[in-house]
Amino acid sequence: MGKKGIYWSVLVLLLLFCAHGYGQETGKERTVIVIDAGHGGADSGAVSENGLMEKEVVLDIAYWMLHWNRELFDNGLDIFLTRDRDTLISLSDRTKVSRALRPDLFLSLHCNHSGNSMAKGMEAYVHSTEGPYSKASKETATALLMGLEQRLGFAQRGLKEGNFHVLRDNSDVCPAVLLELGFLSREEESGYLGKSSKRCALALAILESIHRQWKSLGDLGRVDFR
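Comments concerning the pairing of strand β6 (residues 176–183)
Here comes step 1: Burial within β6 is extensive, with 8 of its 8 residues counted as buried.
Here comes step 2: The pairing of strand β3 (residues 105–112) with β6 spans 6 bridges and is parallel. Across the sheet, asparagine 112 pairs through a bridge with phenylalanine 183, a residue of β6.
Here comes step 3: With 3 bridges joining them, strand β4 (residues 122–127) and β6 adopt antiparallel strand pairing. Looking across to β6, one finds that alanine 124 is bridged to leucine 179.

A short note on the confidence of the model for the protein chain
Here comes step 1: In this model, the protein chain carries a mean pLDDT of 85, and residues with pLDDT of at least 70 account for 81%.
Here comes step 2: In the predicted structure, residues 12–28 sits below a pLDDT of 50 and forms 21 contacts with residues beyond four places in sequence or in another chain.
Here comes step 3: When the criterion is pLDDT under 50, residues 216–226 qualifies, and its contacts beyond four places in sequence or with other chains add up to 33 contacts.

Brief notes about the environment of serine 185
Here comes step 1: Its place among the elements puts serine 185 in the loop between β6 and α6 (187–193).
Here comes step 2: On a C-alpha basis, the gap between serine 185 and asparagine 50 in space is 9.9 Å, while along the polypeptide they are 135 residues apart.
Here comes step 3: Other than its neighbours up to four places away in sequence, serine 185 contacts Asn112, His113, Ser114 and Ser117.
Here comes step 4: A polar side-chain atom of serine 185 sits 2.9 Å from the main-chain amide nitrogen of serine 114.

Comments concerning the side chain of aspartate 104
Here comes step 1: Secondary-structure assignment places aspartate 104 in the loop between α3 (91–101) and β3.
Here comes step 2: Taking the relative accessible area as the measure of exposure, aspartate 104 reaches 2% and is therefore buried.
Here comes step 3: Polar side-chain contacts of aspartate 104 include one of 2.8 Å to the backbone nitrogen of valine 32.

Rules of the game
Residues numbered from 1 in each chain as written. Predicted model: local features only at pLDDT ≥ 70, side-chain atom pairs only at ≥ 80, totals over all residues. Heavy atoms only, no water. Buried < 20%, exposed > 50% of the residue type's maximum accessible area, 1.4 Å probe, protein only. Helix = DSSP H or I, 4+ residues; strand = E, 2+ residues; numbered from the N terminus. Pairing = 2+ DSSP bridges. pLDDT = per-residue confidence, 0-100. Contact = heavy atoms within 4.5 Å. Polar contact = N/O pair within 3.5 Å; in protein donor to acceptor, adjacent residues only side chain to side chain.

Written as structure tokens, this is what we have:
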């Protein structure tokens, strides 16, 4: 086994150890969310005309989600990141995290790009094949889009289906959503996403929608979507 394989084996074991301890103080399990900041390392993802990279935008939003979960919601969610720095993680390794944790939600963050500079708005994807978590995935995706539209005024392109690797590998594990946070190919939206204060607001809106989906800010217990 190479160094990379050893690293991921150790990581998965650590995650399983941490997951085993959830809820010991309260006598009930905690709500677990895996945040997947897309791309990283040599894979910059989409790039705007002024050089704004998707990999940096989504990682910053993931960091802000950790911040707001701690500062505003008293760590009401147990949040794990598939990457916490500018490094390239394979798609299969990203889903190893969720297979180890069996979370309540896997959320993959991305930015869009189009040859049509007029293309705009946010959209959410769920896996194209029906499965045990299809309904929960669609409900969560819809809630996220509505929350972002209502709180930040972003246009939305709606809920879509796709066969993305991270959605496919999670189809029998947990609700999974891939969220496209606007177009870096559109000047207006890349300008918005280029500001840390706006990414901060995006993170808060996403986190609020997740909390609201779990009904109560003070009592988030694990939801059985089966």
